[in-house]
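Descriptive structure summary
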Amino acid sequence: MGRYTVDGMEPKEVVTPEDVDEVVSVLKRANEEGLGVLVVGGGSKLSMGMKPKKYDIALSTSRLGGVLEFSPEDFTVSVGGGMKLKELQEILGKENQFLPIDAPYYNDATIGGIVAANTNGPRRFHYGAIRDLILGAKFVSGSGIPYDFGGKVVKNVAGYRVRSFLTGSMGTLAVITELTLKTYPLQEKEASVIALYESADEALKSAMELPKKDFSYTAIDVLGKKVSNLMEERHGIGANDLYALVVRLEGFGDLVEEHSKAVEEGLKGSAKTITLNGKEHFSLWGFIQDVQGNLPKGGEKVLLRIGVPRSSSPAIFKKAEGVLSEFDPFVWLHEETGIMYAAVMGGDPRELKKGIVKLRKESEKLDGYLVVESAPVELKEMVDVWGDVGEALELMRGLKEVFDPNYVLSPGRFVGGI
Amino acid sequence: MELEPERALDRLVRELGKEKVLTGLDETLVYETDSSNLMGEMPLAIVTPTSVEEVSKVLKICDEEGVPIVPRGSGTDLMGGAVPASRGIILSLSKLNRVLDLDLEDSCVVVESGIITASLSEVLMEHGFFYAPDPSSKDVCTIGGNIAHNAGGPHCLKYGVTSNNVLGMEVVLPSGKVVKLGGKALDPPGYDLQSLFYGSEGTLGVVTKAYLKLTRVPESRRTLLAAFKDIEDAGRAVSEIIGSGIIPGALELIDKASLDSLAVYSPDRFPKGMDAVLIIEVEGYEKVIDRMAERVVEICKKNNVSLVKVAESEEERESWWKGREETTGALGIYAPTFLDEDVSVPRSKIPETLRRLYEIAKAYNVIIASVAHIGDGNFHPAIPFDPKDEDSKMRAFAAERELLKVCVEMGGSITGEHGVGLSKKEFMSWMYGERELELMKRIKKVFDPKGILNPGKVFPSEKGD
Ligand SMILES: Cc1cc2nc3c(=O)[nH]c(=O)nc-3n(C[C@H](O)[C@H](O)[C@H](O)COP(=O)(O)OP(=O)(O)OC[C@H]3O[C@@H](n4cnc5c(N)ncnc54)[C@H](O)[C@@H]3O)c2cc1C
């Protein structure tokens, strides 16, 4: 399988435009010749979506990266759509700033790809989603027209917020060439408290019952046993087939110290608690934000993302473990956001399909949704990876036709066959 | 399309009943305008539905009969967005004002869109929560209007504007279709239609429900006043405060021109002879709040502050905020009324922008006095004028035009939170090219193919309009 393989398909051509004009000309040609184009950033999320109807050109954004303007005193940064998140964080870090997006596939993910896939992380409820950080955007629509919605100010209500509308569009509307984002100051101190539990019930209950108002936390995660074991493997943190509840604290130095002690005490029922500081703390969260990237390689991986109202997250966590039990799933939950993931490393597609359909029903009953983020083609042919988006579909189709009337970009990959 | 007002009104009355479709002059007259005081067309009727189903019926009927609709919350729009630009109906959301679901576990409250923004605090405070966006008009304006303008206020530096605090919404389209966007489950699949509704000024659909994010009331607060002889120093202090990891709950700047008028209007509020005064409010845990305040003091001192102090009592704090509020009233010493602007520039450009504004003021022989949400670069210059004096009025409007141009040049926006409406639509082409405007128009068409929703707003007039 090559770097550009998508659902078993290979592109006839790979293009790596260096500027907007080149993007325009690729898309113009695709429109004239009726070609299908997939935008490839770091290639980390190519498995998302249905199998493309056409895949003639892979348009790589690898030459559209780089920081175009960083204005630390304004807490804004403009980057090319192909800029890697990891590189950006390193540059921002030198000025004691960061982008509060803990997207998975940290080493490869590009900013354009993160916007397109709307991948947020454990701190999403605290800091907001990527769409909230977009101050300006430049892009080339599927029809090959370049647009400039570039702004540099936090508050701007002139006209529609087209700049953030591309969030979650999965490369089906436009190629994002430039983004201006809001950055945040790093906090003086961070720490994590990990508590280990024998059962999911105990871990979930502790997470729900933490007296949250008393702590300056920014994320609370619950890791299933297998993920917790993976954490042990990668970081040597004693997990031993136990569930892990992990709390991230940020703020003033002594406050974080005091709060981590209080959290530890508050989590008494656990088999063991550990507090991490400094480097260990950061590498732990590097792991948690990217469990999907840390899963064992190979096999026909199936990755599910399930979103429910936060208070329903214990229920869906246990349902996921139950329904998928025969596949021995990896499960983990960003408790604050109500978003959980479940991954299985292979299995009979017909049985998997049954499980997915059942879990989707359960999520929908709780006012949530289930998205299949990665699956072998055979399974994708049996189940809609996105699920039903309801009454909004007609609007979505109308908007697709405004941006990409000939269905050149990622044809057939998005919701409702868009 | 032929406008069929009679038939439309008949149908509306039949569906909703007479008491919800008011056509008498007594009722319609006040709806000719909003807080902008611009005069529009006399509405055909004021329609006040009491359920989503009724909203849906109204939209469907008006769409079929080609009758324009102006959705309306409380009419505090300062840009004429709630003024009927053509003859049609006003769709008032004022009766859709219930709290539907207070869900503390999910940090969410679900409300109907006509609810008054500040009325939420009464419901939430007792549980230790609040809804963060706090436009100065909060005692009057509605959540629907806030979404339609993506409203902000002093607390938005720390907590974000309306869009950062709304998890989902229910909207009704001209077809009568009711669509739910987002909700308590975050990041659902599909295009981000919600993004388009923030700041859409009633042109895409009618917002009927909102899922609002709740924020915990911080344990403690300290309020500081810092007065600077040089506004550049104030600007640097602001960047350093935020850079130090403290994001104040509020960070407001009062400029020299405003201080000058305040010095006459209520002489004891602020120190005299200053270039800029900052009101800084830090929030957080009791244990560290004094250290936060100390750090702010240190940073101000490092940047040549002339006077900096922490409020010693609630009275002192209130007196400072009162001073901030009085800046508009104080302009009365110059002229009976004023143009109230709302612009945005990158934060570091505020000192330079203000300097340019003073030059404009000189050139046009007017006063330009500003207060700024300086933390996020949004500020409100006001230009006093006498409406009875044609020359004074012309100079004020000409200066305003120049001012907007300067803000766009600085990489800013012609509006940070008040919207475009009627007043600023001709300036939209300063910010966007033909192509971008065309794209926005085509987006609108997807939602509102016949163009019945708030026509004549936001987009520059076309030839022949
Ligand atoms: C004294 C004063 C101070 C102000 N201070 C601030 C401030 O600090 N910050 C700030 O951001 N704004 C401020 N404003 C402006 C204004 O109050 C806000 O924009 C507010 O959000 C408007 O709410 P409203 O309910 O009055 O809406 P309206 O004025 O009734 O309507 C505003 C716009 O929204 C549309 N609309 C209203 N309801 C809906 C709905 N349910 N669905 C779809 N469209 C709808 C209307 O068609 C119109 O275009 C101020 C205004 C005044 C008069």
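Every value quoted in this text rests on a predicted model; they were computed, and no experiment measured them. (Residues numbered from 1 in each chain as written. Chains lettered and ligands numbered in written order. Predicted model: local features only at pLDDT ≥ 70, side-chain atom pairs only at ≥ 80, totals over all residues. Heavy atoms only, no water.)

Per the secondary structure count, chain B includes 15 helices and 19 strands. Taken over the C-alpha trace, chain B has a radius of gyration of 23 Å; the compact-globule value for 465 residues is 23 Å, and the two agree within 12%. Dimensions of chain B, computed from the C-alpha atoms along their principal axes, are close to 70 × 60 × 45 Å. A fraction of 73% describes how many contacts in chain B between residues 6 or more apart in sequence connect residues 24 or more apart. Within the structure as shown, chain B displays about 17600 Å² of accessible surface, and the carbon and sulfur contribution to it stands at 49%. Of the charged side chains in chain B, 55 are positive and 74 negative; the average position of the first set lies 2 Å away from that of the second. (Helix = DSSP H or I, 4+ residues; strand = E, 2+ residues; numbered from the N terminus. Rg over C-alpha atoms; globule rule 2.2 N^0.38 Å. Contact = heavy atoms within 4.5 Å. Areas by Shrake-Rupley, 256 points an atom, 1.4 Å probe, with all protein chains shown as cover. Lys, Arg positive; Asp, Glu negative; His and termini not counted. Charge placed at Lys NZ, Arg CZ, Asp CG, Glu CD.)

So, about the sheet that holds strand β8 (residues 166-172) of chain B. Within a sheet, each strand pairs with its neighbour through backbone hydrogen bonds, oriented either parallel or antiparallel. All names here are of chain B. Taken in spatial order, the 5 strands line up as β5-β6-β10-β8-β9 in an open sheet, and their pairing is antiparallel. One side of each edge strand has no neighbouring strand; the edge strands of this open sheet are β5 (99-103) and β9 (178-182). Averaged over neighbouring strand pairs, the angle between their axes works out to 10° when direction is ignored. Taken together, the 4 bridges between β5 and strand β6 (residues 108-112) define a ladder with antiparallel strand orientation. When the bridges of β6 are listed, Asp-101 appears paired with Val-110. Of the strands in this sheet, β8, β9 and β10 (206-213) touch helix α3 (residues 52-65), which is tilted by about 50° from β8. (Pairing = 2+ DSSP bridges. Axes fitted to C-alpha atoms, helices over the stretch in contact; angles between N-to-C directions.)

What sets the pattern is the α-helix's 3.6 residues per turn: residues three or four places apart point alike. Residue and element names in this part refer to chain B. With 14 residues, α3 extends 20 Å from end C-alpha to end C-alpha; this agrees with the ideal 20 Å at 1.5 Å per step. Of all 14 residues that make up α3, 10 are buried, and the element is covered over most of its length. Inspection of α3 places Val-52, Glu-54, Val-55, Ser-56, Val-58, Leu-59, Ile-61, Cys-62, Asp-63 and Glu-65 among the buried residues, and these make up the whole buried set. Where α3 ends, the next residue or the one after it, Gly-66, has phi of about 70°, a positive value. (Expected span 1.5 Å × (residues − 1). Buried < 20%, exposed > 50% of the residue type's maximum accessible area, 1.4 Å probe, protein only.)

Contacts between chain A and chain B engage 78 residues on the former and 82 residues on the latter. When chain A packs against chain B, close to 6800 Å² is buried across both sides, 60% of that on carbon and sulfur atoms. When the buried surface of chain A facing chain B is broken down by residue, Lys155(A), Val157(A) and Tyr160(A) rank first, second and third, together holding 15% of it. If you look at where chain A meets chain B, you find 9 salt bridges. The salt bridge involving Lys155(A) is made with Glu417(B); its shortest N-O contact spans 2.7 Å. At the junction of chain A with chain B, the criterion picks out 35 residue pairs in polar contact (both at pLDDT 80 or more). (Buried area = accessible area lost by both parts, 1.4 Å probe. Salt bridge = Lys/Arg side-chain N within 4 Å of Asp/Glu carboxyl O. Polar contact = N/O pair within 3.5 Å; in protein donor to acceptor, adjacent residues only side chain to side chain.)

Here we take up the domain arrangement of chain B. Residues and elements named next belong to chain B. By the assigned domains, chain B splits into domain 1 (99-216), domain 2 (220-328) and domain 3 (334-409). Relative to domain 3, the C-alpha centre of domain 2 lies at a distance of 22 Å. Contact with domain 2, which involves 20 residues of that partner, is made by 16 residues of domain 3. In total, about 1500 Å² of surface goes out of reach between domain 2 and domain 3, with carbon and sulfur atoms giving 61% of it. (Domains from an automatic or database assignment.)

On to the domain arrangement of chain A, then. All names here are of chain A. For chain A, the assigned domains read domain 1 (67-185), domain 2 (189-289) and domain 3 (295-380). The centre of domain 1, based on its C-alpha atoms, is set 28 Å off from the matching centre of domain 3. Contacts between domain 1 and domain 3 engage 5 residues on the former and 5 residues on the latter. Note on domain 1 versus domain 3: buried area summed over both sides is about 520 Å², and carbon and sulfur give 58% of it. For the domain 1 face of the interface with domain 3, the top three residues by lost area are Tyr-105, Pro-122 and Phe-125, together amounting to 64%. The tally of links between domain 1 and domain 3 comes to 0 salt bridges. At the boundary of domain 1 and domain 3, one finds 0 residue pairs in polar contact (both at pLDDT 80 or more). Its residues placed into classes, the side of domain 1 that touches domain 3 shows 3 nonpolar, 1 polar and 1 charged. (Nonpolar A, V, L, I, M, F, W, Y, C, P; charged D, E, K, R; others polar.)

A few words on the nonpolar core. Core analysis: the largest hydrophobic core is formed by 218 residues, its most contacted members being Phe139(A), Leu181(A), Ile194(A), Leu193(B), Ile280(B) and Phe447(B). Sorting elements by how many residues they give to this core places helix α10 (residues 286-302) of chain B first, with 8 residues. Not counting residues up to four positions away in its chain, the partners in contact with Ile280(B) are Arg222(B), Thr223(B), Leu224(B), Ala226(B), Ile241(B), Pro248(B), Ala250(B), Leu251(B), Val296(B) and Cys300(B). (Core = buried A, V, L, I, M, F, W, Y, C linked by side-chain atoms within 4.5 Å.)

This part covers empty space enclosed by the protein. Enumeration according to the criterion identifies 6 cavities of 30 Å³ or more in this entry. If you add up the space inside the largest cavity, you get close to 380 Å³. Lining the largest cavity are 29 residues, with Val39(A), Val40(A), Gly41(A), Gly113(A) and Ala116(A) sitting closest to its centre. Going through the elements one at a time, β2 (37-40), α3 (111-117) and β9 (174-182) of chain A are the ones with two or more residues in the lining of the largest cavity. Grouping the amino acids of the lining of the largest cavity by side-chain chemistry returns 14 nonpolar, 13 polar and 2 charged. Lining the second largest cavity are 20 residues, with Phe75(A), Val154(A), Lys182(A), Arg347(B) and Gly375(B) sitting closest to its centre. Going through the elements one at a time, β10 (184-185) of chain A together with α6 (156-159) of chain B are the ones with two or more residues in the lining of the second largest cavity. Here the lining of the second largest cavity is composed, by residue class, of 11 nonpolar, 4 polar and 5 charged. (1 Å grid on protein atoms, 1.4 Å probe; cavity = no way out; pocket = protein on both sides within 12 Å on 5 of 7 lines; lining within 4 Å. Points joined across faces, edges and corners; volume = space filled by probe spheres on them.)

Turning next to the packing of aromatic side chains. Evaluated as defined, the whole model comprises 17 aromatic pairs over all chains. Ring plane angle 40° and centroid distance 5.5 Å describe the contact between Phe139(A) and Tyr147(A), whose orientation is recorded as tilted. A relative accessible area of 1% places Phe139(A) in the buried class. On the basis of relative accessibility, which here comes to 6%, the residue Tyr147(A) falls in the buried class. With a centroid separation of 6.4 Å and 35° between ring planes, the pair formed by Tyr147(A) and Phe149(A) is classed as tilted. Accessibility classification places Tyr147(A) together with Phe149(A) in one group, the buried group. Through successive ring pairs, a cluster of aromatic residues spans Phe139(A), Tyr147(A), Phe149(A), Phe165(A), Trp386(A), Phe403(A), Phe414(A), Tyr191(B) and Tyr432(B). Between Lys226(A) and the ring centre of Phe330(A), over which it is positioned, the NZ or CZ distance is 4.3 Å. The ring of Phe125(A) is capped by Arg310(A), whose NZ or CZ atom sits 5.3 Å from the centre of that ring. (Phe/Tyr/Trp six-rings, centres within 6.5 Å; stacked < 30°, edge-to-face > 60°. Lys NZ or Arg CZ within 6 Å of the ring centre and 35° of its normal.)

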